[in-house]
Amino acid sequence: MKESKKRQKSGLDNHAKEIGSNGQPKIGKKDYEAEMFKLQVELVKLQDWVKETNARIVILFEGRDAAGKGGMIKRIMERVSPRVFRVVALPAPTERQKSQLHAQRYIENLPAGGEIVIFDRSWYNRAGVEHVMGFCSDKEHKQFLRDCPTFEAFLISQGIILLKYWLEVSKKEQHKRFLERIEDPSKRWKLSPMDLESHRRWYDYSRARDAMLAATDTPTSPWYIVPSDDKKRARLNCISHILSSIPYEEIPYTPPKLPPRQKPKGYEEPKQQHRTIPQLW
């Protein structure tokens, strides 16, 4: 592995004093942001490598409601180009899509060369919410669990790098996060009737998760579990794992030289009055 990809020794525990929900020391904001910046720089290097090599990468994030998928994806996308890293979060299928092959609308969103596609929920909806909420039949659910490993093996055989992450949140922490969404006006939009039902059906979703992992955690396409009660640790650990799972190399960078400004050749700013937004800060 090249020098650019070697992890620097983490200084996370230097300033971590409080105990988090998982019993580990909490990560201070300053240390967290410093570590996250290092990882985001590596994501930019990964981006350059993907463009240079025409690689195709698919990253799936699955987990219960409030497991932290959105925050994870946000930090991945923070400093990279949306023309290379693309997030796919599909709405409920239309009536026409319901009559298609289950994977069809996901296949349409797979990456072309030089792209990384992040699925915020994926074809595994059939193993989770569709199964638990009765949006598919038991037969369709069983067929999915049977056929999914074959489908993913095909994607991998075509040269796609596929990474699957299950964010594991505890019952206590999910409850806490739901209450925060109810009380925080800026988070209320995150709490849907489906979320409320997932809170009630905790054990139905547990059984669905167990069946999914048993059927689709294969040597060719394994699942990786991300303990997510501690959001900061989950993000750092997961992004680090993504980077370690892809054989990227740093592409040499030649800084461009800024060209000099053109001469004004008589140009003057017009003396017109325009509406400027109020300067409140």
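Notes on the structure in this doc start here. (Residues numbered from 1 in each chain as written. Predicted model: local features only at pLDDT ≥ 70, side-chain atom pairs only at ≥ 80, totals over all residues. Heavy atoms only, no water.)

## Let's talk about the overall build of the protein chain
At step 1: Of the regular secondary structure elements, the protein chain holds 10 helices and 5 strands.
At step 2: The dimensions of the protein chain, computed from C-alpha atoms along their principal axes, are 75 × 50 × 45 Å.
At step 3: Within the protein chain, residue pairs in contact and separated by at least 24 positions form 77% of the contacts whose partners lie at least 6 positions apart.
At step 4: With an accessible surface of roughly 17,900 Å², the protein chain has 54% of that area assigned to carbon and sulfur atoms.
At step 5: Of note, the protein chain has its 51 positive side-chain charges centred 4 Å away from the centre of its 37 negative side-chain charges. (Helix = DSSP H or I, 4+ residues; strand = E, 2+ residues; numbered from the N terminus. Contact = heavy atoms within 4.5 Å. Areas by Shrake-Rupley, 256 points an atom, 1.4 Å probe, with all protein chains shown as cover. Lys, Arg positive; Asp, Glu negative; His and termini not counted. Charge placed at Lys NZ, Arg CZ, Asp CG, Glu CD.)

## What about the pairing of strand S3 (residues 115-120)?
Both faces of the sheet carry side chains from a regular strand, because those side chains alternate between them.
At step 1: Among the 6 residues of S3, 5 are classified as buried, and the element is accordingly described as predominantly covered.
At step 2: Alignment of strand S1 (residues 56-63) against S3, held across 6 bridges, turns out to be parallel. Residue Leu 60 lies in a different strand from S3, and its bridge partner there is Phe 119.
At step 3: Bridge analysis of strand S2 (residues 85-88) against S3 gives 4 bridges, and the strand direction is parallel. From the neighbouring strand, Val 88 faces S3, where its bridge partner is Phe 119. (Buried < 20%, exposed > 50% of the residue type's maximum accessible area, 1.4 Å probe, protein only. Pairing = 2+ DSSP bridges.)

## Here's the deal with the side chain of Thr 216
At step 1: Counting through the fold element by element, Thr 216 comes out in helix H9 (residues 202-216).
At step 2: There is a polar contact of 2.6 Å between the side chain of Thr 216 and the backbone oxygen of Met 212.
At step 3: A distance of 2.9 Å separates polar atoms of two side chains, one belonging to Thr 216 and the other to Trp 223.
At step 4: With near-sequence residues (within four places) excluded, Thr 216 lies in contact with Tyr 124, Leu 145, Cys 148, Pro 149, Glu 152, Lys 164, Ser 221 and Trp 223. (Polar contact = N/O pair within 3.5 Å; in protein donor to acceptor, adjacent residues only side chain to side chain.)

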